[in-house]
Amino acid sequence: MPQYLIRRLGTLTITLIGIMMITFFISLVVPLDPLAAIAGPQAPQETVERLRILYGFDQPIYIQFARYIKRLAHGDLGTSFQTGRPVLEDIIHFFPATIELATLALIVAILVGIPLGVLSAVYRNSPIDHFSRVLSLIGVSVPVFWLGLVLLLIFYFKLGWFPEPGRLDIMLMEPKRITGALLIDSVIARDWEVFWDAVKHMFLPATVLGLFGLAGIARIVRSSMLDVLSQEYIKTARIKGLNEFLVLTRHALRNALVPAVTIIGLTYGGLLEGSVLTETIFSWPGLGRYLAKAFLTLDLNAVVGGTMLVALIFSVVNLIVDLSYAFLNPQITYTTER
Amino acid sequence: MNTRQEADILNRSDVRKKRLEAKIRYLKDSYILWRKNRLMVIGTFIILFLILVAAFAPLLTTHDPYDQILPERLFPPSPANYFGTDSLGRDIFSRVVYGARVTLAIAFLVAFISTPLGMVIGVTAGWFGGAVDEILMRLSDVFLAFPRLILAIAFAAALGPGVENAIVAIAVANWPSYARLTRAETLSVRNNDYIQVIRTMGASNLRIMVGHITPMCLSSVIVRMSLDMGTIILTAAGLGFLGLGAQPPTPEWGLMVSDGRQFLVDQWWVSTLPGLAILIVVMGFNLMGDGIRDILDPHQRQH
């Protein structure tokens, strides 16, 4: 296990360098001339040349790359054109809203997905199984941006059950920013009005994101539960007279959840990418919307910084998933990889 | 000498016949399995329908999909415009029908770019092993470190918007999973006796890789490909929706959903109907993918 951990950390380091190379490459292929953008369209040739030297664009690629790495090591991601602030500051500002939404969506997906998968396997081919499978199918097939629009149309515009897109009613004051997550900050500030309003605002986007996660989780839990339920030790447990609930929870579900851990990790990454579209629809002031805007306006530093951060989180989540997988299933040993 | 040659000839025609029989039996079994799987039948019909719609688009449409009739802006669905008209007076039904072509083209081109690329890399890594393997797999790790949509968006933004660039961007994000898969398959067959025999007979690396290992990977690659089709279409539609994929006036479904956003409240059909088309098609591909996985699974064939 420690050996595996070391090896895994080693590959993670290589991956991180690769991530930097790819994001650097992305900033190279952009057709837009960054100098023209900085200097303005009417700038004389000399000014552009001077800027070129100033920003180091006259240097060979590998030197530019080395400088880029050096900048990154200092936590300098450059300045965003959109906001005029350092990209790192922007990311720190927008990130909690995304994490809050994605985490809530994941909780919804787990709380609904796991019981649904279990029921679906236990009552195979019953109406609840059909319902769960149709829901999973829709969850993996529906375009999130379309689902978001349809839910907004029905529940906000037509029925008025949920508030307008955004994070909080404009009439309400945001509580003092401590974690950046409204639900937590409002509890700390004991501002229940804000808390309740934030919950209402979060409901639709979390449902949209959650449905996507739920589909994958319910599917995996169903199939691994079916596998486990057909095994001898479950029969033994039943024969010795254990009540069915205990058989299902203590004996079957425990083993069936191991594959679910993987899918939950992957889902979290999926939620991060889903947040780009969901946040755009729900005017959610998070990293996803910030990134989408950055991509559209070719706000290069923001694009590179944001992409890198997402990849970083995704890699770390994957590492945690792999490790917890090894921890949960003692049959898997990672001493030799092949 | 003479008798051996005769035996050889007999054997060969025999073998050929047996092989054909086995193939026919395999197809028959597949057909039976296909018919038994009701969901897959539905999925297959959705995809067939999509292909037919794309092929016969000019015969099905009532209007030119690009024709702007400004006095007829934002008409609700009616017998004249089945799905209504959009903000430029274009017939949405005709645009959705032509959109089938765009969607199919994107899905198949991405598959035909990223699958062979991934397979070449995977087989090479698995067959040669060692440093080659290490380098190629670390490379694919790097690409896998990005969520697919984010990587595709980043490349689409860098390359500039447009259908062609969206295809390249999605393909770039898509190949590593195929490389992973074929590498694993290659590792599982590379030490088999028959490969060793071919090797001692003097077959070149290329010949073994192309002729004997790649075919062994095909069935799992086909399964993965059919399961991926839906995701590819969703990614392309997402790019279109964000304005980083197909550009106006292309009748791309994601772009059409985005066009209708500002009219959502009073002219719901502009956004929702093209989105429904995406949902149905992706569902069709997912149903078919699940079915193909079951059919190609040898365990299913035993009964």
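Residues numbered from 1 in each chain as written. Chains lettered and ligands numbered in written order. Predicted model: local features only at pLDDT ≥ 70, side-chain atom pairs only at ≥ 80, totals over all residues.

Looking at the overall build of chain A
Phase 1 of the analysis: When helices and strands are counted, chain A shows 13 helices and zero strands.
Phase 2 of the analysis: The helix and strand sequence of chain A, counted from the amino end, reads α-α-α-α-α-α-α-α-α-α-α-α-α.
Phase 3 of the analysis: Taken along the three principal axes of its C-alpha coordinates, chain A extends 85 × 60 × 40 Å.
Phase 4 of the analysis: Here chain A holds 338 residues, and 35% of them are scored as buried. (Helix = DSSP H or I, 4+ residues; strand = E, 2+ residues; numbered from the N terminus. Buried ≥ 20, exposed ≤ 12 C-beta atoms within 10 Å, placed from the backbone.)

Some details on the overall build of chain B
Phase 1 of the analysis: Helix and strand counts for chain B stand at 12 helices and zero strands.
Phase 2 of the analysis: Listed N to C, the secondary structure of chain B is α-α-α-α-α-α-α-α-α-α-α-α in terms of helices and strands.
Phase 3 of the analysis: For 303 residues, the compact-globule estimate of 2.2 N^0.38 gives 19 Å, and chain B exceeds it by more than 25% at 24 Å.
Phase 4 of the analysis: Seen through its principal axes, chain B has C-alpha atoms that stretch 90 × 45 × 35 Å.
Phase 5 of the analysis: The buried share among the 303 residues of chain B stands at 43%.
Phase 6 of the analysis: Here the contacts in chain B between residues at least 6 apart in sequence split such that 70% fall between residues at least 24 apart. (Rg over C-alpha atoms; globule rule 2.2 N^0.38 Å. Contact = placed C-beta atoms within 7 Å.)

Points about the nonpolar core
Phase 1 of the analysis: Judged by nonpolar contacts, the single largest core of 155 residues is most densely connected at I217 of chain A together with A152, I153, A166, I170 and I233 of chain B.
Phase 2 of the analysis: In terms of residue count, the dominant contributor to this core is helix 9 (residues 192–229) of chain A (17 residues).
Phase 3 of the analysis: In contact with A166 of chain B, not counting residues within four places along its chain, are I106, A156, A236, L239, G245 and A246 of chain B. (Core = buried A, V, L, I, M, F, W, Y, C linked by C-beta atoms within 7 Å.)

Comments concerning unusual backbone geometry
Phase 1 of the analysis: Put simply, P248 of chain B and P249 of chain B share a cis peptide bond, and its omega is 5 degrees.
Phase 2 of the analysis: Mapped onto the fold, P249 of chain B is located in the loop between helix 9 (205–242) and helix 10 (253–259).
Phase 3 of the analysis: Residues other than glycine seldom take positive phi values, yet S283 of chain A does so here, at roughly 45 degrees.
Phase 4 of the analysis: Looking at the secondary structure, you find S283 of chain A in the loop between helix 11 (244–281) and helix 12 (287–297).
Phase 5 of the analysis: Exposure remark for S283 of chain A: the 13 C-beta atoms within 10 Å place this residue in the partly exposed category.
Phase 6 of the analysis: Its identity is not glycine, yet L74 of chain B carries a phi of approximately 55 degrees, on the positive side.
Phase 7 of the analysis: Residue placement: L74 of chain B occurs in the loop between helix 3 (57–60) and helix 4 (92–128).

Considerations on the packing of helix 6 (residues 127–141) of chain A against helix 9 of chain A
Residue and element names in this part refer to chain A.
Phase 1 of the analysis: For the pair helix 6 and helix 9, the least separation of the axes is 8 Å and the interaxial angle reads 130 degrees. Judged on the interaxial angle alone, helix 9 and helix 6 are oblique. Handedness of the crossing formed by helix 6 with helix 9: left-handed. Taking contact as the criterion, the partners of S132, L135, S136, G139 and V140 in helix 6 are, on helix 9, L211, F212, L214, A215, G216, A218 and R219.
Phase 2 of the analysis: Residues of the contact of helix 6 with helix 9, tallied by class, amount to seven nonpolar, four polar and one charged. (Axes fitted to C-alpha atoms, helices over the stretch in contact; angles between N-to-C directions. Parallel < 35°, antiparallel > 145°, perpendicular 65-115°, else oblique. Left-handed = near helix turned anticlockwise from the far one by under 90°. Nonpolar A, V, L, I, M, F, W, Y, C, P; charged D, E, K, R; others polar.)

Considering the interface of chain A and chain B
Phase 1 of the analysis: In this complex, chain A contributes 39 residues to the contact, which on the side of chain B involves 38 residues.
Phase 2 of the analysis: Put simply, the parts of the chain that give the side of chain A that touches chain B at least two residues each are helix 1 (2–29), helix 6, helix 7 (144–158), helix 11, helix 12 and helix 13 (300–328) of chain A.
Phase 3 of the analysis: Looking at the side of chain A that touches chain B element by element, the count peaks at eight residues for helix 1 of chain A.
Phase 4 of the analysis: Of the residues belonging to the side of chain A that touches chain B, the class tally is 28 nonpolar, nine polar and two charged.

Quick notes on helix 4 of chain B
Note that an α-helix has 3.6 residues per turn; residues three or four places apart therefore point the same way.
Phase 1 of the analysis: For helix 4 of chain B, spanning 37 residues, the distance from its first C-alpha to its last is 53 Å, which sits close to the expected 54 Å at 1.5 Å a residue.
Phase 2 of the analysis: Immediately beyond the C-terminal end of helix 4 of chain B, within one or two residues, lies G129 of chain B, with a positive phi of roughly 65 degrees. (Expected span 1.5 Å × (residues − 1).)

Description of helix 1 of chain A
Phase 1 of the analysis: Between its first and last C-alpha atoms helix 1 of chain A spans 41 Å; for 28 residues at 1.5 Å apiece the expected length is 40 Å, and the two agree.
Phase 2 of the analysis: Taken together, the buried positions of helix 1 of chain A are occupied by T15, I19, I22, T23 and I26 of chain A.
Phase 3 of the analysis: If you follow the buried residues of helix 1 of chain A, they end up packed against helix 13 of chain A together with helix 5 (130–144) and helix 6 (148–159) of chain B.

Observations regarding the packing of helix 13 of chain A against helix 6 of chain B
Phase 1 of the analysis: In contact at an axis separation of 11 Å, helix 13 of chain A and helix 6 of chain B are set at 160 degrees when each is read in the N-to-C sense. Relative to helix 6 of chain B, the element helix 13 of chain A is oriented roughly antiparallel. The two elements helix 13 of chain A and helix 6 of chain B cross, and the hand of that crossing is left-handed. From helix 13 of chain A, V303, T307 and V310 of chain A reach across to helix 6 of chain B, where they touch I150, A154 and A157 of chain B.
Phase 2 of the analysis: Tallied by class, the residues present in the contact of helix 13 of chain A with helix 6 of chain B amount to five nonpolar, one polar and no charged.

Side note on the confidence of the model for chain B
Residues and elements named next belong to chain B.
Phase 1 of the analysis: Model confidence for chain B is summarised by a mean pLDDT of 88, while 95% of its residues fall at 70 or above.
Phase 2 of the analysis: Within chain B, no element has a lower average pLDDT than helix 12 (residues 298–301), which sits at 66, and none a higher one than helix 4, at 93.
Phase 3 of the analysis: Among the prediction metrics, the complex's ipTM stands at 0.86, with pTM recorded as 0.87. (pLDDT = per-residue confidence, 0-100.)

What about the environment of I208 of chain B?
Residues and elements named next belong to chain B.
Phase 1 of the analysis: Its location among the elements puts I208 in helix 9.
Phase 2 of the analysis: C-alpha separation for the pair I208 and R190, spaced 18 residues apart in sequence, amounts to 9.5 Å.
Phase 3 of the analysis: What I208 contacts, discounting residues up to four positions off in sequence, is I195, I198, R199, A203 and I213.

Re the environment of K176 of chain A
Phase 1 of the analysis: By secondary structure assignment, the location of K176 of chain A is in the loop between helix 7 and helix 8 (182–188).
Phase 2 of the analysis: With sequence-adjacent residues up to four places away left out, K176 of chain A is seen in contact with D185 and A189 of chain A.

Observations concerning the environment of L136 of chain B
Residue and element names in this part refer to chain B.
Phase 1 of the analysis: Inspection of the secondary structure assignment puts L136 in helix 5.
Phase 2 of the analysis: Placed 76 residues apart in sequence, L136 and H212 show a C-alpha to C-alpha distance of 21 Å.
Phase 3 of the analysis: Look past the residues within four positions of L136 in its chain and what remains in contact with it is I121, T124, A125 and A179.

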